[in-house]
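# An overview of the molecular structure
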Amino acid sequence: MTDRPPTKDAANSMWGGRFAAGPDAIMEAINASIGFDRRLYAQDIRGSRAHAAMLAAQGIISDSDANAIGEGLLTVLSEIEAGDFPFSAALEDIHMNVEARLKDIIGEPAGRLHTGRSRNDQVATDFRLWVRDQCDAAISGLEAVIRAALTQAEAGADWVMPGFTHLQTAQPVTWGHHMMAYVEMFGRDLGRFRDARARMNESPLGAAALAGTGYPIDREATAKALAFDRPMANSLDAVSDRDFALEFLSAASICAVHLSRLSEELVIWSSAQFRFVSMSDKWSTGSSIMPQKRNPDAAELIRAKIGRILGATVALFTVMKGLPLAYSKDMQEDKEQVFDAADNVLLALAAMAGMLADLTANKGRMEAAASAGFSTATDLADWLVREAGLPFREAHHATGSLVALAEGKGCDLDELSLAEMQSVNPAINQSVYSVLGVHNSVASRQSYGGTAPDQVRAQISRWKEKLA
């Protein structure tokens, strides 16, 4: 795409003669937004075509002018998509660039397009349409991640691995249960984007500069044409708030946190010290000097995305926090952060879906790790409560003594002899060994949402039905 510097007279004519001289280079640089808001071209043209059709239907402009405008806008759209559109910084933004080019194509009828609207409601409409599209893309991306995690969970619903607290071995869980934890997190992200989309699906178009318009426009018609649920009910609110963008950024930030946490685990699990998973070559890179290295770069980059996305969220909150009603030029700073955050959260979602789809979990290595670190100590304490009648605190103390005994001998709990166990509590009998195996441990966790394989499979089925 090329930039076309129009004459100062051409730029000034867009202002209706208000200014006697064009802005100098510094003012032009700070005032122009076409360098980034050109991304709104499709939404801008869609909104303008809906507006022109409504104006004709209401008898505000002629059908012939509306048809010329509609066809001319399609020509502008094709030029932009072909890379042949002459964007101009002197024309400031996407709206003025499109309108000026429309005038070049169809002449005088182009001047009637802006009847009954302002750039204030125009940009609010364009931006809302764009963010709505990004919500749809995020929902699709999350569904792909969830499906990939479900596939992993189903394959390893009964594969035992260590569960951690403080990154220390805590209790055995299953690979499927661990994957389903992220399914639940991403499921809430899905809900946040869906909720945000539903709330933002109201049309600002027709609010004009801030007070509405005296033309007999039909806001219901333009809302319907743009697939909004309804027009916004207050013209001041319609042009002056960006809470829809803030809500999108907030949902994106929380989603990025979840992506980052899973990425961190993939980085740890793929290390030589853990070897719980193997990353495919598609999502790994090598070292320039260490030939043995396979670096989980995709996971590390996803992990870093939260910095950009959260930064964008904080930036827009800061822009909006002190603005009086209605529109202020500060709000031109609403888009770059949202564009960047949307690009990065969608990229991270696509990469995570790909990584999970290609990920290989090491069943044997995880099971060996699950059996280490006295991970069944809680099961032993629970057995002492159930079978020996000890209060839990006493059972906890006795189990701690047995752990210390095993640690001193350099063995695991199930390797202690019955006599050694009875030296701590004589009520212990041979049946205690039935709870000390990691498979028995996970099978016993039958409470709703627990790690027992049949509970995991039930949750997988529930999620498959939800996605269907």
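The present account deals with the structure reproduced in this document.

### Comments concerning the pattern of salt bridges
- For the coordinates displayed, the defined rule picks out 23 salt bridges.
- The partner of Glu79 in a salt bridge is Arg101, and the shortest N-O contact between them spans 2.8 Å. Placement of Glu79 in helix α5 (residues 63-82) and of Arg101 in helix α6 (residues 94-106) is noted, with a sequence separation of 22 residues between them.
- Classification of Glu79 by relative accessible area gives buried; the value is 16%.
- For the salt bridge of Arg101 with Asp104, the shortest nitrogen-to-oxygen distance reads 3.7 Å. Of this pair, Arg101 and Asp104 both sit in helix α6, 3 residues apart, which is roughly one turn of that helix.
- Judged by relative accessible area, which is 46%, Asp104 ranks as partly exposed.
- Taken together, the salt bridges that share partners define one network made up of Asp65, Glu108 and Arg112.

### Side note on the packing of helix α4 (residues 41-57) against α5
- With their axes 9 Å apart at the nearest point, α4 and α5 run at an angle of 170° to one another. Regarding the angle of α4 to α5, the classification is roughly antiparallel. Packed against α4, whose contacting residues are Tyr41, Ala42, Ile45, Ser48, Arg49, Ala52 and Ala56, the element α5 presents Asp63, Ala66, Ile69, Gly70, Leu73, Leu74, Val76, Leu77, Ile80 and Glu81 at the interface.
- A per-class count over the contact of α4 with α5 returns 12 nonpolar, 2 polar and 3 charged.

### Quick word on the side chain of Thr125
- Along the polypeptide, Thr125 turns up in helix α7 (residues 119-155).
- Residue class for Thr125 comes out buried when judged on its relative accessible area of 1%.
- A distance of 3.2 Å separates a polar side-chain atom of Thr125 from the backbone nitrogen of Leu205.

### What about the packing of aromatic side chains?
- Tallied over the entire structure, the rule returns 10 aromatic pairs.
- Consider the rings of Phe193 and Phe248, whose centres lie 5.7 Å apart with planes at 55°: the pair is tilted. Of this pair, Phe193 sits in helix α8 (residues 175-200) while Phe248 is found in helix α11 (residues 243-269), placing the two residues 55 residues apart along the sequence. Side by side, Phe193 and Phe248 carry an identical accessibility label, which is buried.
- Between Phe274 and Phe276, the aromatic rings sit 5.2 Å apart at their centres with planes inclined by 75°, giving edge-to-face as the arrangement.

### Concerning the nonpolar core
- Membership of the largest hydrophobic core comes to 96 residues, with the highest contact counts inside it found for Phe127, Trp175, Phe193, Leu266, Val338, Met352 and Leu356.
- The biggest single contributor to this core is α11, with 14 residues.
- Residues within four places of Leu266 in sequence aside, it is in contact with Val277, Met279, Ala299, Met352, Met355 and Leu359.

Conventions used here
- Residues numbered from 1 in each chain as written.
- Predicted model: local features only at pLDDT ≥ 70, side-chain atom pairs only at ≥ 80, totals over all residues.
- Heavy atoms only, no water.
- Salt bridge = Lys/Arg side-chain N within 4 Å of Asp/Glu carboxyl O.
- Helix = DSSP H or I, 4+ residues; strand = E, 2+ residues; numbered from the N terminus.
- Buried < 20%, exposed > 50% of the residue type's maximum accessible area, 1.4 Å probe, protein only.
- Axes fitted to C-alpha atoms, helices over the stretch in contact; angles between N-to-C directions.
- Parallel < 35°, antiparallel > 145°, perpendicular 65-115°, else oblique.
- Contact = heavy atoms within 4.5 Å.
- Nonpolar A, V, L, I, M, F, W, Y, C, P; charged D, E, K, R; others polar.
- Polar contact = N/O pair within 3.5 Å; in protein donor to acceptor, adjacent residues only side chain to side chain.
- Phe/Tyr/Trp six-rings, centres within 6.5 Å; stacked < 30°, edge-to-face > 60°.
- Core = buried A, V, L, I, M, F, W, Y, C linked by side-chain atoms within 4.5 Å.

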